[in-house]
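# Residue-level structure breakdown
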Amino acid sequence: MTTTAFDIRRVGGRLGAEIIGLDLHGTPDPRILAEIREALPEHKALFFRGAHLDDAEQLRFASLFGEPTRAHPTVDSLEGQPAILPVDGEGGVRANHWHTDVTFVRTPPKATTLRALVVPPHGGNTLIADTGAAYRDLPAPLRELADRLWAVHTNEHDYAEPRTERAAEHRRQFVSRRYRTSHPVVRVHPETGERGLFIGGFAQRLEGFGSAESADLLRILQSYVTRPENVVRWQWHPGDLLIFDNRITQHYAPDDYGDLPRLLHRVTVAGDAPVGVDGRHSRIIEGDDASHWSSVG
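So, here's what we can say about the structure. Source: prediction; values computed, not measured.

### Some thoughts on the environment of Asp288
Among the structural elements, Asp288 can be located in the segment after strand S16 (283-286). Residue Asp288 is classed as partly exposed on the basis of its relative accessible area of 32%. Taking the C-alpha atoms as reference points, Asp288 and Arg106, 182 residues apart in sequence, are found 9.2 Å from one another. Not counting residues up to four positions away in its chain, the partners in contact with Asp288 are Arg177 and Tyr179. Side chain to side chain, Asp288 and Arg177 meet in a polar contact 3.0 Å long. A polar contact is formed between the side chain of Asp288 and the backbone nitrogen of Ala290, at a distance of 2.9 Å.

This is the structure:
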């Protein structure tokens, strides 16, 4: 980062900001770095149009926010790059469900960076939702209930039937090591103290409820996360970079670009175990501590 001044322009009404006039190449200025670090929990998603970083530079950028994880607990990394996960839409491998990254382990990532290499001429956007705003939108009785709820997250969730052999192979790899973790439905952000709904696609069941009741309650809570006013949409250009706070957002990649190519590279930053309103930490139900993947135990 070589410039001494930059602009922060809000993108969405409730979350998201574009960082303008900042060169991400080179050695970071400590003052600028401090401002960017403060901007992430404030805006929850930061967009850098036309950053044009390479893999090493993306990894260095992610490192400014903490220790990078390995690419994924179960899915292979980019060859020769153990911290980089290729997000490739080829062969029907699509992340078209609302989720927070890797919540099926006890210590999900603090933040996620995405960098666009190949984007379709139309479609292929990324949507990000503010789960803190969603929590504040809840009626008071529902907030009080949510504060007491815990959910079981697993990587062996209800997938749609794979449409291609490549998608089927990706699914086999994704569930090759099974994880089940209990997380608070309302997570207290470790930096800001803000409460947010910590659910999404990997949350499959509420503790103390049957499957039908769990599905109904999770559907109601999730509907507040995905209200249009809580969502920002980013239309990718090649070279764009995005970082979002994985502790208080969900994201979704609409499957609306057919057979057109789309390739992003992902690097995640190690995070701590979520803490609920009552001060209790998340706990492992099944699987290991994923220490092979993240430096934070």
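### Considerations on the sheet that holds strand S12 (residues 231-234)
Strand order across the open sheet formed by three strands is S12-S6-S14, with antiparallel pairing between neighbours. Of all the strands in the sheet, just S12 and strand S14 (249-252) have a single pairing partner and so form its edges. Geometrically, the sheet is characterised by an average inter-axis angle of 20 degrees between neighbouring strands, direction not taken into account. As judged from the four bridges shared by strand S6 (residues 126-130) and S12, these two strands associate in the antiparallel manner. Within S12, the residue paired with Ile128 across the bridge is Val232.

### Some points on the side chain of His251
Residue position: His251 is located in strand S14. For His251, a relative accessible area of 8% puts it in the buried group. Separated by 3.1 Å, the side chains of His251 and Asp101 make a polar contact.

### Thoughts on the sheet that holds strand S11 (residues 203-206)
Taking strand neighbours across the sheet as the criterion, the four strands line up as S11-S7-S8-S16 in an open arrangement whose pairing is antiparallel. For this open sheet the edge positions go to S11 and S16, each flanked by a neighbour on one side alone. Sheet twist, expressed as the average angle between the axes of neighbouring strands with direction ignored, equals 35 degrees.

### What to know about the nonpolar core
General note: in soluble globular proteins, nonpolar side chains tend to be found buried as a group. Judged by nonpolar contacts, the single largest core of 24 residues is most densely connected at Leu46, Phe48 and Phe61. Contributions of two or more residues to this core are made by strand S2 (17-20), helix H1 (30-43), strand S3 (45-48), helix H2 (55-63), strand S13 (241-245) and strand S15 (263-269). When residues in this core are grouped by element, the largest group, five residues, is from H1. If sequence neighbours within four positions are ignored, Phe48 has contacts with Ile19, Leu22, Leu24, Phe61, Gly239, Asp240, Leu241 and Ile243. One finds Trp98, Ala151, Ala203 and Val225 within the second-largest nonpolar core, a separate group that totals 21 residues.

### Observations concerning the packing of aromatic side chains
Evaluated as defined, the whole model comprises eight aromatic pairs. A centroid spacing of 5.2 Å and a plane angle of 80 degrees characterise the contact between Phe104 and Phe202, whose relative ring orientation is edge-to-face. Here Phe104 is found in the loop between strand S4 (85-88) and strand S5 (111-118), whereas its partner Phe202 is found in the loop between strand S10 (195-197) and S11, with 98 residues between them in sequence. For the residue pair Phe104 and Phe202, the accessibility class agrees, reading buried in each case. Judged by centre distance (6.1 Å) and plane angle (15 degrees), the rings of Phe174 and Phe202 are stacked. Taken together, the residues span a long stretch of sequence, with Phe174 in helix H5 (residues 165-174) and Phe202 in the loop between S10 and S11 at a distance of 28 residues. Like Phe174, the residue Phe202 is buried in the burial classification.

Procedures and definitions
Residues numbered from 1 in each chain as written. Predicted model: local features only at pLDDT ≥ 70, side-chain atom pairs only at ≥ 80, totals over all residues. Heavy atoms only, no water. Helix = DSSP H or I, 4+ residues; strand = E, 2+ residues; numbered from the N terminus. Buried < 20%, exposed > 50% of the residue type's maximum accessible area, 1.4 Å probe, protein only. Contact = heavy atoms within 4.5 Å. Polar contact = N/O pair within 3.5 Å; in protein donor to acceptor, adjacent residues only side chain to side chain. Pairing = 2+ DSSP bridges. Axes fitted to C-alpha atoms, helices over the stretch in contact; angles between N-to-C directions. Core = buried A, V, L, I, M, F, W, Y, C linked by side-chain atoms within 4.5 Å. Phe/Tyr/Trp six-rings, centres within 6.5 Å; stacked < 30°, edge-to-face > 60°.

Treat this as a map of the structure, not an account of what it does.
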